[in-house]
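# Observations on the model geometry
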Amino acid sequence: MNLSTLEKILVHHPAYRLKQAREAVFNQLVESWDEVSSLPLDLRTKLEQECPINIKHKIFESDESNTQKAIVYLHDGEQIETVFMQHKDKRNTLCVSSQVGCAMACEFCATGHQGFTRNLSEFEILEQVILFARILKKQNQKITNIVFMGMGEPLLNYDNVLEAIRIINSKEGFNIGARHISISTSGIREGIVRLTREPLQINLALSLNASNSKLRSEIMPINRQYPIDKIFLVLAEYIKVTRRRVMIEYVMLGRVNDTEKHARELSLLLDNKLGKLFFVNLINFNPTKYFKPSAKESIEKFKKILEKYHIPVTQRFAFGHNIHGACGQLTGSVK
Ligand code: SAH
Ligand code: SF4
């Protein structure tokens, strides 16, 4: 797909043509320009040639049947992964990528080990949404939630991510409520500061993954630049200004960050620092070759200790083990 040329092609046409074309792609979810009968035939032919909207991809189904992974092939031969999860409560969540690879080099993360290639354009982000929205439309269903928890660090591709979110959110676009859109970050200070001033009511999640800065620096190198204290300062400001709850993500790594000592340390770290508007999400680690997941009992104990300290905590089971498709475990394994 190559939507970036759309505006160039339509620049000499009346403004409503661009609106019609965008609505056809984002809202009516047409799969070829031929379907857009509101556009003149010669324009349709030109768009079909110069701005095709077919999406090169491959779908992997999981045995769990509630998860699908797509590999999307980009125009320069790069590829990204997108994961779709259908929940029992009727939520249809799409986990999208924001970059090809990631520069943050987190030790436990498969994408981190791949290194950074480039940012995705606004349209390459939207392509992932269009792909699954088209598939779901055939089943009379819709994407209800979007999470930026695929490959890459969304706050290091701030402008393109926010442009894509504006279209995801807009009535002429996918019309998904801002409260159903979440950005997860490893803790990019400037990005959090910018988000604080953004009028959009989107959700923010911080991948904390450690109960102290020394440990965090070992598994997440970004912590050497932006240690926990610095990030918590801007996060507290974000919460104060936006009055929105922030999710603290904590991936449970066996014997690395999951002992009772870590649970107590995390509780004390969080207590009062962020006010009351946050909650911790304990995430089951999808094994990569670098770390082991925590034992079930360790996770339960960990959760109990947080509760004893009155820290709001939930637990998320990652989906899609068998398609290497869980959020954050986008391996690029097909490469
Ligand atoms: N770069 C952003 C968003 C993508 S990673 C960030 O780090 O927040 C999304 C989430 O997946 C992060 O919370 C990360 O800690 C988590 N994650 C990474 N590898 C994982 C794995 N193998 N299993 C489970 N979660 C993982
Ligand atoms: Fe990048 Fe997030 Fe993976 Fe860290 S966890 S390497 S920030 S994708």
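The sections below set out a description of the structure shown in this document. (Residues numbered from 1 in each chain as written. Chains lettered and ligands numbered in written order. Predicted model: local features only at pLDDT ≥ 70, side-chain atom pairs only at ≥ 80, totals over all residues. Heavy atoms only, no water.)

Turning our attention to helix α12 (residues 296-308). Between its terminal C-alpha atoms α12 stretches 19 Å, which fits the 18 Å expected from 13 residues at 1.5 Å a residue. Of the residues making up α12, those classed as buried are I299, F302, I305 and L306. One face of α12 carries all of its buried residues, which in axial projection span an arc of 125°. Across from the buried face of α12, at angles greater than 90 degrees, the exposed residues are K296, E297, K304 and K308. The inward-facing, buried residues of α12 contact β10 (246-252), α11 (260-270), β11 (278-284) and β12 (313-316). (Helix = DSSP H or I, 4+ residues; strand = E, 2+ residues; numbered from the N terminus. Expected span 1.5 Å × (residues − 1). Buried < 20%, exposed > 50% of the residue type's maximum accessible area, 1.4 Å probe, protein only. Arc of directions from axis to C-beta. Contact = heavy atoms within 4.5 Å.)

Let's shift gears to the pattern of salt bridges. Once the charged atoms of two side chains with opposite charge are near each other, the side chains can pair. Tallying each qualifying case throughout the model produces 14 salt bridges. E50 is the partner of K46 in a salt bridge, and the nearest nitrogen-oxygen pair spans 3.3 Å. Of this pair, K46 and E50 are both found in helix α3 (residues 41-50), four residues apart, which corresponds to roughly one turn of the helix. For E50, a relative accessible area of 38% corresponds to the partly exposed category. K303 is the salt-bridge partner of E307, the closest N and O atoms lying 3.7 Å from each other. Separated by four residues within a single helix, E307 and K303 lie in helix α12, roughly one turn from each other. Using a relative accessible area of 24% as the deciding quantity, one classes K303 as partly exposed. Look at the salt bridges and you will find they share partners, linking D76, R118 and E124 into a network. (Salt bridge = Lys/Arg side-chain N within 4 Å of Asp/Glu carboxyl O.)

For any two helices packed against each other, the geometry is given by the interaxial angle and the distance between the axes. Contact geometry of helix α2 (residues 15-26) with helix α5 (residues 122-137) gives a least axis separation of 11 Å together with a crossing angle of 45°. The angle between α2 and α5 falls in the class oblique. Contacts between α2 and α5 pair R22, V25 and F26 from the former with E122, F123, L126 and I130 from the latter. Considering only residue class, the contact of α2 with α5 consists of five nonpolar, no polar and two charged. (Axes fitted to C-alpha atoms, helices over the stretch in contact; angles between N-to-C directions. Parallel < 35°, antiparallel > 145°, perpendicular 65-115°, else oblique. Nonpolar A, V, L, I, M, F, W, Y, C, P; charged D, E, K, R; others polar.)

What follows concerns the packing of helix α6 (residues 158-169) against helix α7 (residues 189-197). For the pair α6 and α7, the least separation of the axes is 12 Å and the interaxial angle reads 35°. Here α6 and α7 pass one another in a crossing that is right-handed. Together, Y158, D159 and L162 of α6 and G191, R194 and L195 of α7 make up the contact between the two elements. Among the residues forming the contact of α6 with α7, the class breakdown is three nonpolar, one polar and two charged. (Left-handed = near helix turned anticlockwise from the far one by under 90°.)

A large share of strand β8 (residues 181-185) lies buried, amounting to five of its five residues. Side chains I181, I183 and T185 project from β8 onto one buried face, and the interleaved S182 and S184 project onto a second face that is buried too. What joins strand β7 (residues 145-148) to β8 is α6, and the crossover it makes is right-handed. In this sheet, strand β9 (residues 203-207) lies alongside β8 in parallel orientation, the contact comprising four bridges. When the sheet's bridge partners are listed, S182 is paired in β9 with N203. Each parallel crossover has a hand, and the one from β8 via α7 to β9 is right-handed. (Right-handed = clockwise from strand over helix to strand, strands pointing away. Pairing = 2+ DSSP bridges.)

This part covers the site of ligand 2. Around ligand 2, the neighbouring residues are C102, M104, A105, C106, C109, G112, G152 and S186. When its residues are assigned to classes, the shell around ligand 2 shows five nonpolar, three polar and no charged. (Near = heavy atom within 4 Å.)

So, on to the packing of aromatic side chains. Centre distance and the angle of the planes are the two values used to describe a pair of aromatic rings. Under the defined criterion, the tally for this structure stands at three aromatic pairs. Aromatic pair F84 and F132: ring centres 5.7 Å apart, planes at 20°, arrangement stacked. Separated by 48 residues along the polypeptide, F84 in strand β3 (residues 79-86) and F132 in helix α5 bring together distant segments of the chain. For F132, a relative accessible area of 0% corresponds to the buried category. Measuring from centroid to centroid gives 5.2 Å for Y250 and F302, while their planes differ by 35°, and the two rings are tilted. With Y250 in strand β10 and F302 in helix α12, this residue pair connects regions lying 52 residues apart in the sequence. Overall, F302 belongs to the buried group, its relative accessible area being 1%. A cation sits over an aromatic face here: K69 above F60, 5.2 Å from the ring centre. (Phe/Tyr/Trp six-rings, centres within 6.5 Å; stacked < 30°, edge-to-face > 60°. Lys NZ or Arg CZ within 6 Å of the ring centre and 35° of its normal.)

Before going further, it helps to spend a moment on the nonpolar core. Ranked by internal contacts, the top residues of the largest apolar core, which has 103 residues, are W33 and F174. Here this core takes nine residues from α5, the largest share from any one element. When near neighbours in sequence (up to four residues on either side) are disregarded, F174 contacts F26, L29, L126, V129, I130, A133, I167 and I168. V83, M85, V147 and M149 belong to the second-largest nonpolar core, a separate cluster that totals five residues. (Core = buried A, V, L, I, M, F, W, Y, C linked by side-chain atoms within 4.5 Å.)

Any link to function would need more than the numbers given here.
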